[in-house]
Amino acid sequence: MRILLLPIAFFHHIILIIRHKLYDWHILKSKKHDMPVICVGNLALGGTGKTPHVEYLADLLSGTYRVCIVSRGYGRKTKGFQLANTTCNAETVGDEPVQYVSKFSDVMVAVDENRNRAIELMDSIDRPPEVYLLDDAFQHRSTQAGLNILLTAYDKLYCNDFLFPAGTLRDIKSAAKRAEIIIVSKAPDQLGELEKAEMIGRLNPLPQQKVFFSSMVYEPLKAVNTAAMGLDPKVAESVLLFCGIARPQALEAELKRHYQRVEVLRYTDHHSYTETDVKHILEKVEKLKGEKKIVVTTEKDLARFINSPYLCKFDSVPFFVAPVSIKIDEEEKFNEEILNYVRKNSQHR
């Protein structure tokens, strides 16, 4: 099938090369902003862990600087600029912005398909942001980031992948040259030095590019509703996991390490849940074996239920979320790279 799709991928490749050349030759304009702008993105269609990496940076910087996360707001039903707040939901701003707002009270979250417009509007407010974090904007060259962080999954390096539809890449491999930092995400913890060197060799970074490795950290399940409050999820006999994320295999494996019976309902990435979906999920819970049953979902999926009429429908069953964070190998060195860039380019206002 991949061989049959290669001609389409080749045509896609030509279009992308022309587009990049138009930016390189300044025929298509790329706007540079005065404030530090850090872009977190990838070459693949998804599944590299952008959201927890953006959260890591927000946590690192927000204690010292006024930080604004700028997101397209994928899956929302609105257009144009929106400043996300605790009254928003996934339909108005998208699931990831809702997640950011719920986790960071001291971080601004702006949503706009036009990143330049979002930055300009945020620059005009009282006490404007001092650092911008662009979520999933590596391919959006109309906004020129001062620091580009490119993620590539440990088990699916971009150098081993193909352009869509023959593979999962949405941009050409040579676009990686624009990144200042490359992070191999979802790597095993305590990765050996020889394997690191071998993977760096396959990525073949430019001399000035820094390569880091990050691993996913699955934190203890967190209660979502009253039925889950005070209940130790470890006593559960059966678990129903439902999720609509790009690559849920790692979370599935983590749950199966701790629970004997795990049923999984998979939905498409950024799935917008309906009343029918919720009914189907609860019917699946009813069919689980054992007396002690729990429902688990991801933070991104839970964000789609915040300020929605469907969350209350889970009141009868213990409902938990699986928080995830990242651990950066050579964390101090990585943090210093980020902080040095911001220090050199910030303008305290």
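Residues numbered from 1 in each chain as written. Predicted model: local features only at pLDDT ≥ 70, side-chain atom pairs only at ≥ 80, totals over all residues. Heavy atoms only, no water.

1. Overview of the pattern of salt bridges
Overall, the coordinates contain 23 salt bridges when judged by the stated rule. When the shortest N-O distance is used, the salt bridge between D95 and R304 registers 2.8 Å. Placement of the pair is D95 in helix α4 (residues 95-103) and R304 in the loop between α9 (299-303) and β15 (319-322), with a sequence separation of 209 residues. R304 matches D95 in its accessibility class, with the two residues each being buried. The salt bridge partner of R266 is E252, with a shortest N-O separation of 2.9 Å. Linking R266 in strand β13 (residues 261-266) with E252 in helix α7 (residues 249-258), this pair joins segments that are 14 residues apart in sequence. Among the charged side chains, a salt-bridge network with shared partners connects R76, D112, E113 and R117. (Salt bridge = Lys/Arg side-chain N within 4 Å of Asp/Glu carboxyl O. Helix = DSSP H or I, 4+ residues; strand = E, 2+ residues; numbered from the N terminus. Buried < 20%, exposed > 50% of the residue type's maximum accessible area, 1.4 Å probe, protein only.)

2. Describing the sheet that holds strand β11 (residues 222-223)
What holds strands together in a sheet is hydrogen bonding between their backbones, with the strands either parallel or antiparallel. Pairing in this open sheet of five strands is mixed, and the strands run β11-β15-β14-β12-β13 from one edge to the other. Because the sheet does not close on itself, it has two edges, and the strands there are β11 and β13. Here strand β12 (residues 238-243) pairs with strand β14 (residues 293-298) via four bridges, running parallel. Bridge pairing links V239 to I294 in β14. Against the sheet, α7 makes contact with β12, β13, β14 and β15, and its axis sits at roughly 165 degrees relative to β13, the strand it touches most. Of the strands in this sheet, β12, β13 and β14 touch helix α8 (residues 275-287), which is tilted by about 160 degrees from β12. (Pairing = 2+ DSSP bridges. Contact = heavy atoms within 4.5 Å. Axes fitted to C-alpha atoms, helices over the stretch in contact; angles between N-to-C directions.)

3. A few points about α4
Each turn of an α-helix holds 3.6 residues, which means side chains three or four residues apart point in the same direction. Among the nine residues in α4, seven count as buried, and that is most of the element. Every buried residue of α4 is listed here: D95, E96, P97, V98, Q99, Y100 and V101. Among the structural elements, α2 (50-62), β3 (67-71), α3 (90-93), β5 (107-111), β6 (131-135) and α9 are those in contact with the buried residues of α4.

4. Section: the sheet that holds strand β10 (residues 210-218)
As summarised here, the arrangement of the nine strands in space is β4-β5-β3-β6-β2-β8-β9-β10-β16, forming an open sheet in which the pairing is mixed. Whereas interior strands pair on both sides, the edge strands pair on one side only; in this sheet they are β4 (82-83) and β16 (324-328). Contacts from helix α6 (residues 193-203) reach β8 (147-153), β9 (181-185) and β10 within the one sheet, and its direction differs from that of β10 by about 120 degrees.

5. As for unusual backbone geometry
Here the residue pair F164 and P165 is connected by a cis peptide bond, since its omega of 10 degrees sits within 30 degrees of zero. With respect to the helices and strands, P165 occurs in the loop between β8 and β9. Positive phi, close to 60 degrees, is recorded for Q190, a residue that is not glycine. Following the sequence through the fold, Q190 ends up in the loop between β9 and α6. Accessibility expressed as a relative area gives 67% for Q190, which makes it exposed.

Function-wise, these values are silent; they only describe arrangement.
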